[in-house]
Amino acid sequence: MKNSRRTFLRTMGGSAAALSMASWMPLKALGSAFSPNDTIQVGLIGAGIIGHFDVDTILQVPGVELVAACDLYDPRLVRAKEKWGNHLYTTRDYREILARPDIDAVIVAVPDHWHDHISIAALEAGKHVYCEKPMVHHIEEGAAVIAAQKKSGKVFQVGSQAASSVGVLEAQKYIKDGALGEISFVEATNDRVDALGAWQYTIPFDLDPKQVDWDRYLGDAPKRPFEAHRFFRWRNYKEYGTGVAGDLFVHLLTTLHTITGSTGPNRIFALGDLNYWKDGRDAYDLVTGVMDYPKTDQHPSFQFFTRVNLADGGGGSHRSRIVGTEGSLELNGDGFVLRRFKRPQAPPFSLNYDALITYPKAMQEAFLKEYDAKYPKDKFSRGVEKQTDIVFNAPEKYNARLSHMEVFVKAIRENKPALVKEDATFGLRAAAPSLACNLSVEKKKPIAWDPDQMKIVG
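Each chain has its residues counted from 1, following the order in which its sequence is written. Totals for whole chains, interfaces and linings use every residue, but because this is a predicted model, local features are given only for residues with pLDDT of at least 70 and side-chain atom pairs only at 80 or more, for both listing and counting. Hydrogens and waters are ignored; side-chain quantities use all the structure's heavy atoms.

Glancing now at the pattern of salt bridges. Opposite charge on two side chains makes pairing possible when the charged atoms of those side chains draw close. In what follows, salt bridge is the name for a side-chain nitrogen of Lys or Arg lying within 4 Å of a carboxyl oxygen of Asp or Glu. Tallied over the full model, the rule gives 29 salt bridges. Residue D102 pairs with R100 through a salt bridge whose shortest N-O separation is 2.6 Å. Burial here depends on accessible area, computed with a 1.4 Å probe over protein chains only, as a share of the maximum for the residue type. Under 20% is buried, over 50% is exposed, and the range in between is partly exposed. In this structure D102 comes out as partly exposed when scored by relative accessible area, which is 28%. The partner of R307 in a salt bridge is D191, and the shortest N-O contact between them spans 2.4 Å.

Below, the structure written as structure tokens:
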């Protein structure tokens, strides 16, 4: 551990610290002014739930304007004009967005099976790309996205905002400096209980199929007659989505890889089942994964346990905990609690549960006398000493999605793609182990993965 952080932890003396990122301040609060020529003009491709979240957030960054929107459901285009202005150019065809020379960047917030196609096309058209997670629908699609990003020289960022969270980045400092000792295992869960958490999104009662561009939606998925559930609740179907692993494991892995600097596991095993949400979906509502992270220059070897349960009768829970040999760090949203302890300097003994109680009384007394002489109390600690928790809280009203968008915009404005840490390579290294969980469930065996070469082994 570096001396600076050891000194800080010693200085804390075990007292609690309610930390805040005083240096954090959204760009909007800085009062930066941009001329019209500096305005970054954005096109939205996919005006669904996350598309709305992303646009509402990026418009909080100074010098950004939404000029066009694309969606395959006509009423969503009506809503886009209603919400963001009648000046918006709207279309069903994303290629019309890419063909516009006045658009600098696009937000790709479409079903997973379109991510690689649209991202690559956008990069080839000279656009900067913010692509929602998971970056790809299938692992083998990742190499082409990485190649397109490198060839284009454009900014490409995957939309898993934990990579820019102040809490995650602060936790990264503690882990890097060894505050937990050596990491031994990590556990992360994202369990849900209600229908919306299980992706049963609202479908209009008076739906007119003619208002849906169904053929374009299918893309490279198998052809089939129109089904409203497959369009509005696409996450539930393997042909368009990636299930709980692709949707939610990716968030957990993004957090883990950002904090530890890891490139990923080399073995993945998972179990999956469809227990409760039997609404026609074929994606599992429960997936449990175990991943083996090998030792690298960045971290020791450790195990990662993860689970998403969409029918958690316990009420749902979201927990991420990194456990080391000297403590644990538990994340809670954009904050965390660091719990640490000191191991005893003297070897432990017990008169309750220890081999010592099986020895004759005389031997016990002789042992205790020799122990006191060898490890005097004033020089050696004899028990585990728990230190007071260190608490980090993000600033009030902090928004990690906004921080992530600020990174994206800053990289575009300064023409520095390297400012983005969650680029296509990072995106594949988070998506592939998640998608490998689905593969492991299907094949009923572990999946070997090379995190450096980013390919399945064997």
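Geometry of aromatic contacts follows a simple scheme: Phe, Tyr and Trp rings, the Trp one being its six-membered ring, pair when their centres are within 6.5 Å, and the pair is stacked under 30 degrees between planes, edge-to-face over 60, tilted otherwise. Tallied over the full model, the rule gives 21 aromatic pairs. Aromatic side chains Y130 and F408 sit 5.5 Å apart centroid to centroid with 70 degrees between the ring planes, which places their arrangement in the edge-to-face category. Pair noted here: Y130 is in strand β6 (residues 128–132) and F408 is in helix α12 (residues 400–413), with a separation of 278 residues, a long-range link. Residues W214 and F226 carry aromatic rings whose centres are separated by 5.2 Å and whose planes lie at 90 degrees to one another, so their mutual orientation is edge-to-face. With a gap of 12 residues between them, W214 in helix α8 (residues 214–218) and F226 in the loop between α8 and α9 (228–232) connect regions that are remote in the sequence. The class of W214 is buried, set by a relative accessible area of 8%. Taken together through their ring pairs, the aromatic side chains of Y73, W214, Y217, F226, F231, F232, Y237 and Y240 make up a single cluster. In this text, helices come from DSSP runs of H or I with a minimum length of four residues, and strands from runs of E with a minimum of two, each type numbered from the N-terminal end.

So, on to the nonpolar core. Ranked by size, the top nonpolar core spans 80 residues in total, and within it I45, V106, F156 and F304 carry the most contacts. Here, two residues are considered to be in contact whenever any of their heavy atoms come within 4.5 Å of each other. In this view, F156 contacts S119, L123, V129, C131, M135, V145, Q149, V420, E422, D423 and A424; residues no more than four positions away in its chain are not counted. Working definition of a nonpolar core: buried Ala, Val, Leu, Ile, Met, Phe, Trp, Tyr and Cys residues. They are joined through side-chain atoms within 4.5 Å.

Let us look at the sheet that holds strand β4 (residues 89–91). If you trace the six strands from one edge of the open sheet to the other, you get β4-β3-β2-β5-β6-β7, paired in parallel fashion. Strands with a single pairing partner mark the edges of an open sheet, and in this sheet they are β4 and β7 (156–159). Looking at each pair of strands side by side, their axes are set apart by 20 degrees on average, direction ignored. Pairing between strands is defined by DSSP: at least two bridges between them are needed. Judged from the four bridges that link them, β6 and β7 form a sheet pairing that is parallel. Its bridge partner being in β7, V129 is matched across the sheet by F156. All axes here are fitted lines through C-alpha atoms, helices being fitted over the stretch that makes contact, and every angle between N-to-C directions spans 0 to 180 degrees. Lying on the sheet, helix α3 (residues 74–84) is in contact with β2 (40–45), β3 (64–70) and β4; it crosses β3 at an angle near 160 degrees.

Now for the environment of A432. Considering the arrangement of structural elements, one finds A432 in helix α13 (residues 424–443). Along the chain, A432 and F380 lie 52 residues apart, while their C-alpha atoms are 49 Å from each other. When residues no more than four places from it in sequence are discounted, the contact partners of A432 are I139 and W449.

The subject of this paragraph is the confidence of the model for the chain. For the chain, mean pLDDT is 92; residues scoring 70 or higher make up 92% of the total. This model gives residues 1–32 a pLDDT under 50, and the stretch forms 52 contacts once residues within four places in sequence are excluded. Each residue carries a pLDDT score, the predictor's confidence in it, ranging from 0 to 100.

Two elements in contact, helix α5 (residues 115–124) and helix α6 (residues 142–152), have axes separated by 9 Å at closest approach and are oriented at 15 degrees. Comparing their axes, α6 and α5 come out roughly parallel. You can see that α5 and α6 cross each other, and the crossing is left-handed. Listed contacts from α6 to D116, I120 and L123 of α5 are A144, V145, A148, Q149 and S152. Side-chain classes are defined by residue name, with Ala, Val, Leu, Ile, Met, Phe, Trp, Tyr, Cys and Pro counting as nonpolar, Asp, Glu, Lys and Arg as charged, and the others, Gly among them, as polar. When the residues that make up the contact of α5 with α6 are grouped by side-chain class, the tally is five nonpolar, two polar and one charged. For classification purposes, angles smaller than 35 degrees are called roughly parallel, those larger than 145 roughly antiparallel, those between 65 and 115 roughly perpendicular, and all remaining angles oblique. The sense of a crossing depends on the near helix, which, turned anticlockwise from the far helix by less than a right angle, makes the crossing left-handed and, turned clockwise, makes it right-handed.

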